[in-house]
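Listed below are the residues making up each chain.
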Amino acid sequence: SAMPSLAGLVAPLSKYMRLPVTALPPSVARGTVLSVERRYGYWVHPTDRSSRRWVMYIHGGGYALANPGTHVEVLHTLAYLLQCSVFAPYYTHQPVDKMHATLTASYLHAVQCQDGAVPQSFLGDSAGGGLCTTLYHYLHTLGHMLPFTLVLFSPWVLLDTAHPLFYDDTYR
């Protein structure tokens, strides 16, 4: 089945974005299962796991909050509304990890966990949106299969090709 439209995705999420986990509607809490991988990140699966579809959600936090546990309610809501698995990777503090090695390793591990299936989409909010675009570009340069879409919520993204960093080989 097709992924929901962007408008269809964002509208239901807006009312849950700032609620504590205990405020999730009972149908959402009963409809998903959380598992934490100590090295790679968080998985949230719908209780009906008949679909192999999954998305990768990279949370915001000013490139400083590296633990996706701060966004657990969003992960549950996404898994419930999209009826697919959601993976939220850990990432190291920037700019220490210039090539996003931790993020790339988490992504490749998630693909392996899904028997080689790439995610339907990368989803990212704020700094996570910036990391989504960076990871997407980096995976493209390595020749990896890529998700069908990027869904970015208020991303921290530099799109100016005139900036000197655009031509800096350090990040390639």
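Every chain is numbered on its own, with residues counted from 1 as its sequence reads. Reporting of local features is limited, given that this is a predicted model, to residues whose pLDDT is at least 70; pairs of side-chain atoms are given and counted only at 80 or more, and all residues count toward the totals for whole chains, interfaces and linings. To obtain the side-chain values, all non-hydrogen atoms of the structure were used and water was disregarded.

Moving on, we come to the confidence of the model for the protein chain. In predicted models, pLDDT denotes the confidence assigned by the predictor to each residue on a 0 to 100 scale. Within the protein chain, residue pLDDT values average 77, and 69% of them lie at 70 or more. When mean pLDDT is taken per element in the protein chain, strand β3 (residues 54-58) scores highest with 95 and helix α1 (residues 6-14) scores lowest with 48. Predicted confidence for residues 13-22 stays below pLDDT 50, and this span has 12 contacts to residues more than four positions away or in other chains. Counting from the N terminus, the helices are the DSSP runs of H or I reaching at least four residues and the strands are the DSSP runs of E reaching at least two. Residue contacts are defined here by distance: any two heavy atoms, one from each residue, within 4.5 Å place the two residues in contact.

The next subject is helix α3 (residues 72-82). With respect to burial, α3 is a largely interior element, 9 of its 11 residues being buried. Buried, partly exposed and exposed residues are distinguished by accessible area as a fraction of the type maximum, computed with a 1.4 Å probe on protein chains only: under 20%, between the cut-offs, and over 50%, respectively. Of the positions making up α3, those classed as buried are Val72, Glu73, Val74, Leu75, His76, Thr77, Leu78, Ala79 and Leu82.

Attention shifts here to the side chain of Ser106. Mapped onto the fold, Ser106 is located in helix α4 (residues 101-113). For Ser106, a relative accessible area of 1% translates into the label buried. A polar side-chain atom of Ser106 sits 3.3 Å from the main-chain carbonyl oxygen of Tyr40. Excluding its chain neighbours within four sequence positions, the residues that come into contact with Ser106 are Tyr40, Phe87, Pro89 and Tyr90. Pairs of N or O atoms are called polar contacts if they sit within 3.5 Å, as long as, within protein, a hydrogen donor faces a hydrogen acceptor (for residues adjacent in sequence, only side-chain-to-side-chain pairs).

Now for the nonpolar core. Note on soluble globular proteins: their nonpolar side chains tend to be buried together. Here, nonpolar core means buried Ala, Val, Leu, Ile, Met, Phe, Trp, Tyr and Cys residues that are tied together by side-chain atoms lying within 4.5 Å of each other. Counting residues in each nonpolar core, the largest one holds 19 residues, and the members touching the most others are Trp54, Met56, Ile58, Tyr107 and Leu135. Listed in part, the 17 residues of the second largest apolar core include Val44, Tyr57, Val72 and Val86.

A word on the sheet that holds strand β6 (residues 149-153). In this analysis, strands are considered paired if DSSP registers two or more bridges between them. The 6 strands lie next to each other as β1-β2-β4-β3-β5-β6, forming an open sheet whose pairing is mixed. For this open sheet the edge positions go to β1 (32-37) and β6, each flanked by a neighbour on one side alone. On average, adjacent strands in this sheet sit at an angle of 20° to one another, irrespective of strand direction. Where α3 meets the sheet, it contacts β1, β2 (41-46), β3, β4 (85-89) and β5 (121-125), and its direction lies at approximately 35° from that of β2. Fitted lines through C-alpha atoms serve as axes, helices being fitted only where they are in contact, and the angles separating the N-to-C directions of these axes extend from 0 to 180 degrees. Against the sheet, helix α5 (residues 127-142) engages β3, β5 and β6, with an angle of about 145° to β5.

Here we come to the packing of aromatic side chains. Any two aromatic rings considered together are summarised by their centre-to-centre distance and by the angle between their planes. Working definition: rings of Phe, Tyr and Trp (its six-membered ring) pair if their centres are within 6.5 Å, and the pair is stacked with planes under 30 degrees apart, edge-to-face with planes over 60 apart, and tilted otherwise. Using the criterion set out here, one finds 5 aromatic pairs in the structure. For the ring pair Tyr42 and Tyr90, a centre distance of 6.0 Å and an interplane angle of 85° mean the geometry is edge-to-face. One end of the pair, Tyr42, is in strand β2; the other, Tyr90, is in the loop between β4 and α4, and 48 residues separate them in sequence. An identical accessibility class is assigned to Tyr42 and Tyr90; each is buried. Each ring, one from Phe122 and one from Tyr136, has its centre 6.3 Å from the other, and the planes form 85°; the classification is edge-to-face. Placement of Phe122 in strand β5 and of Tyr136 in helix α5 is noted, with a sequence separation of 14 residues between them. For Phe122, a relative accessible area of 0% corresponds to the buried category.

This part takes up the pairing of β6. Across 5 bridges, the pairing between β5 and β6 is parallel. Note that in β6 the partner of Gly124 across the bridge is Leu152. Seen with its strands pointing away from the viewer, a crossover is right-handed if its path from the first strand over the helix to the second goes clockwise. Once the chain exits β5 it traverses α5 before rejoining the sheet at β6, and the crossover so formed is right-handed.

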